[in-house]
Amino acid sequence: MGVNEERPDKKTSGAARRKRRKAAQRHAPGTSPGTITVSASAQRPVIEAIAFGPGEYAKHQGLSPEAAHALVGTHPVVWINVTGLGDAKIIEQVGDLFRLHRLALEDAVHTHQRPKIEEYPDRLFIVFRAPEPPERGAAPAPEPGQVGTEQIAMFLGPGFVLTFQEGHADCFEPVRVRARGGKGRMRNQGPDYLAYALLDAATDAFFPVLDSMRDRIDAIEQDIHAHAPKDAIARIYEIRHDLANLRRAIWPLRDVLNALVRDPSTLIGPEARVFLRDCYDHTAQLMDLVEGCRDSTSGLMDLHLGMASARMNEVMKVLTVIATLFMPLTFIVGVYGMNFDRASPLNMPELGWSYGYLFALGLCAISTLILFIYFRRKGWLGGR
Amino acid sequence: MGVNEERPDKKTSGAARRKRRKAAQRHAPGTSPGTITVSASAQRPVIEAIAFGPGEYAKHQGLSPEAAHALVGTHPVVWINVTGLGDAKIIEQVGDLFRLHRLALEDAVHTHQRPKIEEYPDRLFIVFRAPEPPERGAAPAPEPGQVGTEQIAMFLGPGFVLTFQEGHADCFEPVRVRARGGKGRMRNQGPDYLAYALLDAATDAFFPVLDSMRDRIDAIEQDIHAHAPKDAIARIYEIRHDLANLRRAIWPLRDVLNALVRDPSTLIGPEARVFLRDCYDHTAQLMDLVEGCRDSTSGLMDLHLGMASARMNEVMKVLTVIATLFMPLTFIVGVYGMNFDRASPLNMPELGWSYGYLFALGLCAISTLILFIYFRRKGWLGGR
Amino acid sequence: MGVNEERPDKKTSGAARRKRRKAAQRHAPGTSPGTITVSASAQRPVIEAIAFGPGEYAKHQGLSPEAAHALVGTHPVVWINVTGLGDAKIIEQVGDLFRLHRLALEDAVHTHQRPKIEEYPDRLFIVFRAPEPPERGAAPAPEPGQVGTEQIAMFLGPGFVLTFQEGHADCFEPVRVRARGGKGRMRNQGPDYLAYALLDAATDAFFPVLDSMRDRIDAIEQDIHAHAPKDAIARIYEIRHDLANLRRAIWPLRDVLNALVRDPSTLIGPEARVFLRDCYDHTAQLMDLVEGCRDSTSGLMDLHLGMASARMNEVMKVLTVIATLFMPLTFIVGVYGMNFDRASPLNMPELGWSYGYLFALGLCAISTLILFIYFRRKGWLGGR
Amino acid sequence: MGVNEERPDKKTSGAARRKRRKAAQRHAPGTSPGTITVSASAQRPVIEAIAFGPGEYAKHQGLSPEAAHALVGTHPVVWINVTGLGDAKIIEQVGDLFRLHRLALEDAVHTHQRPKIEEYPDRLFIVFRAPEPPERGAAPAPEPGQVGTEQIAMFLGPGFVLTFQEGHADCFEPVRVRARGGKGRMRNQGPDYLAYALLDAATDAFFPVLDSMRDRIDAIEQDIHAHAPKDAIARIYEIRHDLANLRRAIWPLRDVLNALVRDPSTLIGPEARVFLRDCYDHTAQLMDLVEGCRDSTSGLMDLHLGMASARMNEVMKVLTVIATLFMPLTFIVGVYGMNFDRASPLNMPELGWSYGYLFALGLCAISTLILFIYFRRKGWLGGR
Amino acid sequence: MGVNEERPDKKTSGAARRKRRKAAQRHAPGTSPGTITVSASAQRPVIEAIAFGPGEYAKHQGLSPEAAHALVGTHPVVWINVTGLGDAKIIEQVGDLFRLHRLALEDAVHTHQRPKIEEYPDRLFIVFRAPEPPERGAAPAPEPGQVGTEQIAMFLGPGFVLTFQEGHADCFEPVRVRARGGKGRMRNQGPDYLAYALLDAATDAFFPVLDSMRDRIDAIEQDIHAHAPKDAIARIYEIRHDLANLRRAIWPLRDVLNALVRDPSTLIGPEARVFLRDCYDHTAQLMDLVEGCRDSTSGLMDLHLGMASARMNEVMKVLTVIATLFMPLTFIVGVYGMNFDRASPLNMPELGWSYGYLFALGLCAISTLILFIYFRRKGWLGGR
């Protein structure tokens, strides 16, 4: 049945979740702080760079750490993007060239960080999360347990933005397009605006995710109204789990953006600040959506349990009505099935009456009638 | 039945909600910030203006952006109202003429904002929400799922107030009447007072909405006391949903008004500030009402579940009492229906007794009596 | 039955609540701010004044607004009390004579305000709420749904205190007695002490109300222990409703008193401040009591549901035990009621046995015994 | 049964609670502030004093107010303890001699205060609560509803500490012993250290109370695992009630101690401050324990309800399985009990078959088997 | 069965918990503050020291207090570790030699403290908790109720770090290894870095504990999906208990680390501060994990109850369907089992019909068919 066919999927998604969690495992407790340990299953790092300015644009792919570092200063803004965290040596090389603090570099590699901002001399270190892109070829229908988030670590320094990603977060694609296209503000602004654009792209990418969450919630609501689906609770549980994931990604991001807007570091210009305030507003809206979804799920849970219990009550009433109607009847016909010796005139004289059978059937009818009236007055028949 | 007839309505309202949500959809993630994208289904913008001063009053309709901008300065206060957000070009023209920040203009057009206030040089940008007017010809009875809110974006500058609305929010009608009538304070005050008057009108428009929420809650309470309505939970769920909507509109409005009262921008005079404090008090009252309604809905849920479960228990008791009364009887008459060979004197001698039948019936009566006393002592009969 | 007799009362009280709410209805949305609109059902205003000082005391009743205003200055402290808010003209006259801000006057007349304090030049405007006095001839027993609150608006100015009340809040009677008696501090203090005394009287009047709430809670607890009353949930719901009302009246009063103690306006002297701090402590105690009652009601709900469900389980167990005991018996006697042709030796030879009847009864006894042991091991019989 | 024997106790404890509450009743609303009203049932005050210094120690009992006041100054530290609050005159005399504010004195006598601290010129007024000592001869086993708290009012002035207690709080005994013994710091410190010692003694006295709460919780947990006790919910409810009481006593005490540590009054020396910080830590630990217990009680409630419902489900399953097994059997044997005229060859030919009886029994066996397999596949038999 | 076998374990773990709690019992209330009382069951203290600097490293074991104190100053950093708190005299000796405040020393010995930080002149006193190491030989599978925490008291002074532990917390082993190995930063830093390293090691040790909590939660989730395990609630209850324990250890640790990062004491250098900020981030992550687990447990509870209730409903439906199908059948065959005198033509003529038997069976079939259709329309058969 459909219900049973969904179960394995859910288990699979649960198992996938667990596997993913294991992959993001921390280094062993007690390791010296600042140690860069990479997970065996991580992608090998690929370095690409986009360098642009008011009238200039250049794109480089497959760079070495040194080549990437050499680019800084050649254009007003250089964005170096490291995709894949599977080689500790290359990562360390990048860290040394760009003078990144070891603790920050360690956090960039361990992809289980909560969004945060840390100021280092001449460097701003921002960790944030973007929704995981749906896998290629995945069904377009919203599927439970599909909402993961991916860590992005961003270093903002004078003239450059350096980002580290686990995989290829396609939420940055529009930023690349805008930088290449040359339309809009981006070409004329500094690296602070680029940092904003990346943060904003990651933030905006959460909106469709939350819309699909809302669709899933609406679908469950409709199902609950139509019939009491057995898997409603499990589906609500999955949604809550996903919402908790999103919340964990978005809530601290608000603090990060608030810190960026308020705490005046010279790396962020006044103009970028206005845009960051707008991005902060977006996270507030996202949180409203997340909270709204959470509220809806608790409402749904109540709705489902209430509907299920109402259906249950109906079942019980039917049982009670039928059992109660037939029990006296069974008793009456049982009486006239007794084998008492008819020799004694006191022993079941009814059996000898000409209208005895009709009398017995009449007793049954009267008993049924009385109970029917009783139930009607109780209001148990209206509900059927 | 009534219950089933309500169901389709609810689905419709749910579908309407979803459609509305889709209409208010954001632009695609990654679009350049400040891009004005309009939804295809939005009304075409219509610009009207009211200009007034201590002794003067003029009303203009169907203005072009340029004509509207030219009005500023001709009277002490000019209120330009743009209804309908369906033409990006006109909106952009207005934005350029009035020197509005692109991010603010973008927010004015995307009608999913939460209430907020933003200060720009010489401009104050306020987004707030008013309750959606009930549709024409709608039944006067409170209907579930009818509570939506509409975004209003307001720019306050020297000598003018500029508002953008999705549709024609009739909550502004009294302000127009007061401006035209010339009674009261409005004519003698600056644009800050007009801004207050608009905010106050939107705030006050929530009171009747909350009164009708309260009526819906009272109606459910009465229904629950009278009979356990099957759709009580669904109706409570709808109310909660509506309350969440209202809360989302009112709660941030409080912060906006508080910011207006405290944060001293030169655009707001000291006199308007006193009035804004009063308006702030109104939002506090609104929140009290919303919270009160929320509390009531959880109370109602408990009440309903408790009543339903009490009714269920009663059903179960009746079943138990009747089943328990008749089971021994059925057994007794079953015994005397057995066909044992009466040749043996040990085999069912009762069947041969003269008073055998009465003996059997007596057994039944005694068994019933004993169980009756047992139930009475258990207190199960008092409850019927 | 008692339970059913309570129901109509409750509905009445609910209806009364609704009516009261309607009476306190706001003016139409969009009315010009500061408009004094009175409800048709409100009492006509009656003005009385008490003027006193260290050695002096005078009482005036049925004053005109002018006469009341003329009293100010004739004695160190003048307390003008306006009871009834049913005449907009008189209220406006009082407001003009005492130079009260129109917004404050509007709030004094609209009796749905939450407690608040507002500073105007040379005037302190305080709104607070006192418990509604129980109606005359009302039963002394605590009755559900009887807890309402009444708004009191107080203006404190140099040399006078001006209060507006809906009806005659008898919580002020002790203050009048103390002023007349001349004992205690009151005569020797300024209007700030009088304001304190009025606030304190209103605050203290909540203590007996909360004691009666607690009595109602205790009564429900006892009822739940004694028998599972059907109306327990409805009664708890009523208490919660009343507690929410009280909370709405007391919670903001705390903030008002805190503001009075901290925010130093010259209208409040240092000595009165010490007393106001004491009054603030009382509101803290009241909130503790309210919260305690709220906690108790949730506990009661759990207790009631738990007890009801325990009773339900017991009912189910009895049903199960009896049904399970008799079903095999009915089967056994059914077997020997079959009419198989005894010609075949294989067909029911038991019927021909000399001890066949005893054998059948023995089968019944053994089956009962086995099930009895089974139930005992399950522990289902201990619970009976 | 044990369960039923506990019920009256609980009622008694509830009644005791109510009586206690009545005894601590406030003076009538509207009484002049600062009025000392004593409850008729209160103990008559007994004044005792302990005076000590680095090498000196004196103890006085049964003092008059004047004699007690005269002691101040004769030794570095004088502790005057007034036990019993049943004589307004003596209390007022003490208050006048020691120059205590009337409001503070009133609070000292009304034993329903929440812990608080108030500064008066040259006097520090601290109200706190100690656990009520268990009654003499009370059973050592933890009993429900036994946790009350007792108010202690303390005035700290130069050279003296003055305490008012309802009864004889034996939590101060160790302080007396330490003062008499002369070991430890106490003799060499000022009255601020004595005040700390008293606060600390009262705070420490809560630890065993909370340990016994935890024991009660553990006992309930064990009972719930062993069998579903009927009174579990009532016991949890009692514990919650007691925890709320403790919380009310401990939570504001934290604020008092925090205020003492931070707010620098010259009456508290820097050394005592270090000790008060330690005492503050203890209240933090107490609150952790209280919160832990609260969490446990909600967990217990879930556990109990879950276990009860699991047991209920099991009962229902057994009923269903047995009813379902026997219903077809009863039908089958009913069929062959019909009295159709065997003259017609179509009427019940089975009755004439040689193996008819075995055939019928076989039908029964097959029906049982089929249902058995069905139940096994449903997994309903594994749970038994 | 497996379920029953787990029960004793749980009781044992509960008992172990209780015993552990007793062992950590406080000294008697009223004891003089600063008294060092040791529990009889505590390990005897063993003092070991590690002294190191840029190029030097020395390890000493089984030191006397004097010898340990003499080490301070011989190397840049000396770490003295006291394992076991079972001898008051040695502890006091250590305290006197290192000039530790008696209150701090008392807290170091009483192993029930919540994490805290206290500043004393020239000494920083930090209490924190590490997860208890699993007992040797314990099963590798996650077992309920195994999560305890162990107190570590740390004094940081110029040139030394002094730690007190109950047992041998092996979470410090990696720190020892790093100090001995000479790689990494540790050798070149002061005692502030060592203090950080110890705090970080304790913090990091919580990550695997929380991973195993998550595994336990996942295991329960899978079990709930597979079958409704009877002990699910008890297991969730245990997890909640463990989470509350962890929360109590981690939450105040955040405040401690925050205080260390912000509150500038000269004992902490700027470089260590950066590392402490990283450690603070780890506690934030831990709290996220704890809260995530807590959320999951409530979700699990809902899931389990929902699944159990869904299964229950299914059971009830089956019962209802079968009972309702067979009751009319039993009635019909009962009718034709009656013994009415066939002499009267009105008495059961059907018995004489040639097709009477088939007629009766037909009645049964029709009744079954009608009910079948009824159930199908109710949708009760789809759920099976």
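For every chain, the first residue of the written sequence is number 1, and numbering continues from 1 along that sequence. Going through the entries in the order they are written, you letter the chains from A and number the ligands from 1. At least 70 in pLDDT is required for a residue's local features to be given in this predicted model, at least 80 for side-chain atom pairs to be given and counted, and no such filter applies to totals for whole chains, interfaces and linings, which use all residues.

Things to note about the overall build of chain A
And then number 1: Numbering of helices and strands starts at the N terminus; helices are DSSP runs of H or I of at least 4 residues and strands are runs of E of at least 2. Assigned secondary structure in chain A consists of 10 helices and 7 strands.
And then number 2: A buried classification covers 46% of the 384 residues belonging to chain A.
And then number 3: Put simply, 70% of the contacts in chain A that link residues at least 6 apart link residues at least 24 apart. Working definition of burial: number of other C-beta atoms within 10 Å of the residue's own, with buried at 20 or more, exposed at 12 or fewer, and partly exposed in between, all C-beta atoms being placed from the backbone. Contacts here follow a simple rule: the backbone-placed C-beta atoms of the two residues must lie within 7 Å.

Comments concerning the relation of the copies chain C and chain D
And then number 1: A least-squares superposition brings the copies together, and it is based on the C-alpha atoms of residues with pLDDT no lower than 70 in both. You can overlay chain C on chain D at an RMSD of 0.2 Å; the transform is a turn of 72 degrees with a shift of 0.1 Å along its axis. A rotation of that kind, with that shift, is consistent with a five-fold axis. No C-alpha of chain C approaches the rotation axis more nearly than that of C:Gly337, which lies at 4.9 Å.
And then number 2: In this assembly the copies use different faces: only 11% of the residues contributing to the interface of chain C also contribute to that of chain D.

A closer look at the relation of the copies chain A and chain B
And then number 1: Of the two same-sequence chains, chain A is brought onto chain B (RMSD 0.1 Å, axial shift 0.1 Å) by a rotation of 72 degrees.
And then number 2: Taken together, the interface assignments show that only 11% of the residues at the interface of chain A recur at the interface of chain B, consistent with different surfaces on the two copies.

With respect to the interface of chain C and chain D
And then number 1: Tallying the contact residues gives 54 residues for chain C and 48 residues for chain D.
And then number 2: Of all the secondary structure elements, the ones that give two or more residues to the side of chain C that touches chain D are α5 (173-181), α6 (191-204), α7 (206-226) and α9 (270-335) of chain C.
And then number 3: A per-element tally of the side of chain C that touches chain D places α9(C) first, with 28 residues.
And then number 4: Class assignment for the residues of the side of chain C that touches chain D results in 24 nonpolar, 17 polar and 13 charged. Under this grouping Gly is polar, as are all residues other than the nonpolar Ala, Val, Leu, Ile, Met, Phe, Trp, Tyr, Cys and Pro and the charged Asp, Glu, Lys and Arg.

A few points about the confidence of the model for chain A
Residue and element names in this part refer to chain A.
And then number 1: Averaged over all residues, the pLDDT of chain A is 82; the fraction at 70 or higher stands at 87%.
And then number 2: Residue-level confidence of the predictor is summarised by pLDDT, bounded by 0 at the bottom and 100 at the top. Low pLDDT, under 50, characterises residues 1-14; the predicted model gives this stretch 14 contacts beyond four residues in sequence or across chains.
And then number 3: Within the model, pLDDT remains below 50 along residues 136-144, and this stretch shows 7 contacts once partners closer than five positions in the same chain are excluded.
And then number 4: Interface scoring of the predicted complex returns ipTM 0.72; its pTM is 0.78.

Comments concerning the nonpolar core
And then number 1: By convention the nonpolar core is taken to be a set of buried residues drawn from Ala, Val, Leu, Ile, Met, Phe, Trp, Tyr and Cys and joined through C-beta atoms within 7 Å. In this structure, A:Leu198, B:Leu198, C:Leu198, D:Leu198 and E:Leu198 are the most contacted members of the largest nonpolar core, which totals 462 residues.
And then number 2: A:Leu319, C:Phe340, D:Tyr357 and E:Leu351 belong to the second largest nonpolar core, which has 93 residues in total.

Details of the sheet that holds strand β2 (residues 56-63) of chain D
Residue and element names in this part refer to chain D.
And then number 1: By the convention used here, strands pair only if DSSP detects at least 2 bridges between them. What the 7 strands build is an open sheet, ordered β2-β1-β3-β7-β6-β5-β4; its pairing is mixed. Every other strand in the sheet has two partners, leaving β2 and β4 (116-120) as the edge strands with one partner each. Each neighbouring strand pair of the sheet contributes to a mean axis angle of 15 degrees, computed without reference to strand direction.
And then number 2: Sheet topology note: the strand β3 (residues 77-83)/strand β7 (residues 160-165) ladder contains 6 bridges and is parallel. Working convention: axes come from line fits to C-alpha atoms, limited for helices to the stretch in contact. Angles between N-to-C directions cover 0 to 180 degrees.

Here we look at the interface of chain A and chain B
And then number 1: Taken together, the contact between chain A and chain B spans 54 residues of the former and 47 residues of the latter.
And then number 2: Among the secondary structure elements, those contributing two or more residues to the side of chain A that touches chain B are α5 (173-181), α6 (191-204), α7 (206-226) and α9 (270-335) of chain A.
And then number 3: Examining the composition of the side of chain A that touches chain B, we find that 28 residues originate from one element, α9(A), more than from any other.
And then number 4: By residue class, the composition of the side of chain A that touches chain B is 24 nonpolar, 17 polar and 13 charged.

Things to note about the environment of E:Arg44
And then number 1: Its location among the elements puts E:Arg44 in the loop between α1 (2-23) and β1 (46-52).
And then number 2: As a C-alpha pair, E:Arg44 and E:Ile224 span 180 residues in sequence and 47 Å in three-dimensional space.

Some details on the sheet that holds strand β1 (residues 46-53) of chain C
Backbone-to-backbone hydrogen bonds join strands into a sheet, with any given pair of strands oriented parallel or antiparallel.
All names here are of chain C.
And then number 1: What the 7 strands build is an open sheet, ordered β2-β1-β3-β7-β6-β5-β4; its pairing is mixed. Strand pairing shows two members of the sheet lacking a second neighbour, β2 (56-61) and β4 (116-120), which therefore form its edges. Each strand of the sheet is rotated relative to its neighbour by a mean of 15 degrees, with strand direction disregarded.
And then number 2: Here strand β6 (residues 149-157) runs beside strand β7 (residues 160-165); their pairing, made up of 6 bridges, is antiparallel.

Some details on the packing of helix α6 (residues 191-204) of chain D against helix α9 (residues 270-335) of chain D
Residues and elements named next belong to chain D.
And then number 1: The contact between α6 and α9 brings their axes to 10 Å, and the two run at 15 degrees. In terms of their interaxial angle, α6 and α9 are classed as roughly parallel. Seen along the crossing, α6 lies across α9 with a hand that is left-handed. Across the interface between the two elements, Asp192, Tyr193, Tyr196, Leu199, Asp200, Thr203 and Asp204 of α6 pack against Ala272, Phe275, Leu276, Cys279, His282, Thr283 and Leu286 of α9.
And then number 2: Across the contact of α6 with α9, the residue classes break down as 8 nonpolar, 3 polar and 3 charged. For classification purposes, an angle smaller than 35 degrees is called roughly parallel, one larger than 145 roughly antiparallel, one from 65 to 115 roughly perpendicular, and anything else oblique. Should the near helix be turned counterclockwise from the far one by less than a right angle, the crossing is left-handed, whereas a clockwise turn marks it as right-handed.

Quick notes on unusual backbone geometry
And then number 1: Although it is not a glycine, B:Arg99 sits at a positive phi angle of roughly 55 degrees.
And then number 2: Classification of B:Arg99 as partly exposed rests on a count of 13 C-beta atoms within 10 Å.
And then number 3: For D:Met348, which is not a glycine, the phi torsion comes out positive at approximately 50 degrees.
And then number 4: The topology assignment puts D:Met348 in the loop between α9 and α10 (356-378).
And then number 5: By the C-beta count within 10 Å, which is 26 here, D:Met348 ends up buried.

Here's the deal with the packing of helix α7 (residues 206-226) of chain B against helix α8 (residues 232-262) of chain B
All names here are of chain B.
And then number 1: Packing of α7 against α8 leaves a shortest axis separation of 11 Å and a crossing angle of 160 degrees. Of the possible angle classes, the one that applies to α7 and α8 is roughly antiparallel. When you trace α7 past α8, the crossing you get is left-handed. Together, Phe206, Val209, Met213, Arg216, Ile217, Ile220, Asp223 and Ile224 of α7 and Ala232, Arg235, Ile236, Ile239, Asp242, Leu243, Leu246 and Ile250 of α8 make up the contact between the two elements.
And then number 2: For the contact of α7 with α8, the per-class residue count stands at 12 nonpolar, no polar and 4 charged.

Comments concerning the domain arrangement of chain A
And then number 1: Taken as a whole, chain A is organised into domain 1 (28-306) and domain 2 (314-378).
And then number 2: How far each domain reaches was decided by an automatic or database domain assignment. Between the C-alpha centres of domain 1 of chain A and domain 2 of chain A the distance comes to 76 Å.

Things to note about the pairing of strand β1 (residues 46-53) of chain A
And then number 1: Pairing between β1(A) and strand β3 (residues 77-83) of chain A: 7 bridges, direction antiparallel. Its bridge partner lying in β3(A), A:Val46 is registered against A:Thr83.

With respect to the pairing of β6(C)
Residues and elements named next belong to chain C.
And then number 1: Counted residue by residue, β6 has 7 buried out of 9 residues, so it is predominantly covered.
And then number 2: For strand β5 (residues 123-131) and β6, the ladder comprises 8 bridges, and the chain directions are antiparallel. Bridged to Arg129 within β6 is Gln151.
And then number 3: Between β6 and β7, which pair antiparallel and follow one another directly, the connecting turn spans 2 residues, one of which, Gly159, has a positive phi of 85 degrees.

Examining the environment of A:Ala219
And then number 1: Structurally, A:Ala219 can be placed in helix α7.
And then number 2: When the C-alpha positions of A:Ala219 and A:Ala108 are compared, they lie 38 Å apart, and in sequence the two are 111 residues distant.

Here's the deal with helix α4 (residues 102-109) of chain C
Residue and element names in this part refer to chain C.
And then number 1: Of all 8 residues making up α4, 6 are buried, and the element is well covered by its neighbours.
And then number 2: Residues of α4 that are buried include every one of Ala104, Leu105, Glu106, Asp107, Ala108 and Val109, and no others.
And then number 3: Tucked inside the fold, the buried residues of α4 contact α3 (88-97), β4, β5, β6 and β7.

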